[in-house]
Amino acid sequence: MSIVAPTLDKPASSAAKKMRALMLTGDRKIELAEIDAPPAPASGEVQIAIKAIGLNHIDVWGWRGMAFAKRKLPLIVGVEAAGEIVAVGPDVTTSKVGDRVVAYGALTCGKCKACQEGRDNLCENVASIMGFHIDGFARDLVNMPARLVVKVPDNVNFRDAACAPVAFGTVQHMLFDNAKLQPGETILVQAGGSGIGTSAIKMAKAIGATVFTTVGDDAKAEKAKAIGADHVINYRTDRFETVVRKLTGKKGVDVAFEHVGPDTFNGSLLCLKRGGRLVTCGSTTGQSIQFNLFQLYLQQYRIIGSFGCAIKNIGESLAKMSSGMNPVIDTEVPLAEFERGLARLESRQVFGKIIVMF
């Protein structure tokens, strides 16, 4: 693996003939390569110098080699990033050189009914997800449509901002657009030590919800309590369904926050009170389950699928960071050690986010 740093002493990409990029070249094979820098941004585009990227399970899936991902290798990885605008294309009036921004990694059309209504993650003509289907953010420079960048508040650093598009934005959309969590309600957050799990604990507690969460060891349990969880269950030593039912007087919780998949999904349903809502954004333990339809309609559960977030959710997330709700950071790794970060994420030893700094 060789590292060749590009020249970035001038804002325009014409001064940077080459740049670094993390390339997925095969299953579990990532190389830090030297590639051509992008051209000057075209009309409606901005050029971003990437400063930090956040790692997510979608990165792990891509690293492993997922059969459902239609893509061509080599592929630049990274689905979530923050950086600084170093050049703007013609006709761009919403951004300027020097703006600190995060980028929306789903290449939406911006024209369909869903996009026009601000429901970007339901775009009818979405092209691809960057870092998974097509080249992503793990490179020194990237050109993006100006409409897909969101300005970062002055008091939010690049490390934290890199968590906004996925870790915070996904949770913001799940809890408040979809599950419609209300102050005083109860919520079960599965895998409370993950990047989105820690974010969900913080966001739910901030509005006055009572938070139950599951973790895999006692050390994580203490950390979960420290960020606001009211009841923490070590799923390796206790059945979380039994504990939740007992602590709620057999009533159950109002909301179950799911992203684990088959290992916990049916247990999460059992933890709901009548009329409760289960919202899910992930399936890290598999893609298929069986569940009891009789239970579903008799208990009048609402099951809500949630994927990604809308651009407005990123702005809402950054506003929360600006007000002091910082993401939980497990580890920072340099660009050359990206693969070590993925391995740590895959091991499930993390508590919070893993950030790759440029």
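Summary of the structure given here.

1. Digging into the sheet that holds strand E10 (residues 210–215)
Working step 1: Pairing in this open sheet of six strands is parallel, and the strands run E11-E10-E9-E12-E13-E14 from one edge to the other. In this open sheet, the two edge strands, each paired with only one partner strand, are strand E11 (231–234) and strand E14 (302–305). Strand after strand, the sheet turns through a mean of 15 degrees between neighbouring axes, direction not considered.
Working step 2: Relative to E10, strand E9 (residues 186–189) runs parallel, the two being bridged by four bridges. Residue pairing across strands places Ile187 opposite Val211, the latter belonging to E10.
Working step 3: Packing of helix H7 (residues 240–247) onto the sheet brings it into contact with E9, E10, E11, strand E12 (253–258) and strand E13 (272–280), and relative to E11 it is tilted by some 155 degrees.

2. Brief notes about the pairing of E12
On any regular strand, side chains alternate: one points to one face of the sheet, the next to the other face.
Working step 1: Burial runs high along E12: six of the six residues are buried.
Working step 2: The pairing of E9 with E12 spans three bridges and is parallel. Note on E12: the bridge partner recorded for Ile187 is Val255.
Working step 3: In this structure, E12 lies alongside E13, joined through five bridges in parallel fashion. Across the sheet, residue Glu258 finds its bridge partner in E13, namely Thr280.
Working step 4: Read as a crossover between parallel neighbours, the route from E12 over helix H8 (residues 265–270) to E13 is right-handed.

3. Overview of the side chain of Glu185
Working step 1: Mapped onto the elements of the fold, Glu185 is located in the loop between helix H4 (164–178) and E9.
Working step 2: Under the relative-accessibility criterion, Glu185 is labelled buried at 14%.
Working step 3: Within polar-contact distance, the side chain of Glu185 engages the side chain of Arg277 at 2.8 Å.
Working step 4: The residues contacting Glu185, other than those within four sequence positions of it, are Lys180, Ala209, Thr210, Asp254, Val255 and Arg277.

4. Let's talk about the pattern of salt bridges
Working step 1: All chains considered together, the criterion is met by 18 salt bridges.
Working step 2: The shortest N-O distance in the salt bridge between Lys113 and Glu117 comes to 2.6 Å.
Working step 3: For Lys113, a relative accessible area of 52% translates into the label exposed.
Working step 4: The salt bridge partner of Asp160 is Arg159, with a shortest N-O separation of 3.3 Å.
Working step 5: Its relative accessible area of 28% is what places Arg159 among the partly exposed residues.
Working step 6: Beyond isolated ion pairs, a larger network of salt bridges with shared partners links Lys96, Asp99 and Lys151.

5. Here we look at the sheet that holds strand E4 (residues 75–76)
Working step 1: Taken together, the three strands give an open sheet; going across it, the order is E2-E1-E4, and neighbouring strands pair in antiparallel fashion. Both edges of this open sheet fall to strand E2 (29–36) and E4, since each of them pairs with a single strand only.

6. Structural notes on helix H5 (residues 195–206)
Working step 1: Relative to the 16 Å expected for twelve residues at 1.5 Å per residue, H5 spans 17 Å between its end C-alpha atoms, a close match to the ideal helical length.
Working step 2: Within H5, the full set of buried residues consists of Gly195, Ile196, Gly197, Thr198, Ser199, Ala200, Ile201, Met203 and Ala204.
Working step 3: The first or second residue beyond H5 is Gly208, which carries a positive phi of 90 degrees.

7. What about the environment of Val279?
Working step 1: Take Val279: it is sitting in strand E13.
Working step 2: For Val279 and Phe351, which are 72 residues apart along the polypeptide, the C-alpha to C-alpha distance reads 22 Å.
Working step 3: Ignoring sequence-local partners within four residues, the contact set of Val279 consists of Met174, Asn178, Ala179, Ala256, Phe257, Glu258, Ile304 and Ser306.

8. Brief notes about the state of the cysteines
Working step 1: In the structure shown here, the tally under the stated rule is zero disulfides.
Working step 2: We note that Cys115 lacks a disulfide partner, and the nearest cysteine sulfur, in Cys123, lies 3.6 Å from it.
Working step 3: What makes Cys115 buried here is its relative accessible area of 10%.
Working step 4: With no disulfide of its own, Cys163 has Cys309 as its nearest cysteine by sulfur position, at a separation of 13 Å.
Working step 5: Assessed through its relative accessible area of 0%, Cys163 is described here as buried.

9. Digging into the nonpolar core
Working step 1: Core analysis: the largest hydrophobic core is formed by 89 residues, its most contacted members being Ile48, Phe137, Met144, Ile187, Phe257, Leu318 and Phe338.
Working step 2: Leaving out residues up to four positions away in the same chain, Leu318 has contacts with Val102, Val150, Lys151, Val152, Pro153, Val156, Ala161 and Ala164.
Working step 3: Residues Phe212, Ala256, Phe265 and Leu272 belong to the second largest nonpolar core, which totals 13 residues.

Rules and cut-offs
- Residues numbered from 1 in each chain as written.
- Predicted model: local features only at pLDDT ≥ 70, side-chain atom pairs only at ≥ 80, totals over all residues.
- Heavy atoms only, no water.
- Pairing = 2+ DSSP bridges.
- Helix = DSSP H or I, 4+ residues; strand = E, 2+ residues; numbered from the N terminus.
- Axes fitted to C-alpha atoms, helices over the stretch in contact; angles between N-to-C directions.
- Contact = heavy atoms within 4.5 Å.
- Buried < 20%, exposed > 50% of the residue type's maximum accessible area, 1.4 Å probe, protein only.
- Right-handed = clockwise from strand over helix to strand, strands pointing away.
- Polar contact = N/O pair within 3.5 Å; in protein donor to acceptor, adjacent residues only side chain to side chain.
- Salt bridge = Lys/Arg side-chain N within 4 Å of Asp/Glu carboxyl O.
- Expected span 1.5 Å × (residues − 1).
- Disulfide = S-S within 2.5 Å.
- Core = buried A, V, L, I, M, F, W, Y, C linked by side-chain atoms within 4.5 Å.

That's the geometry; what it means functionally is another story.
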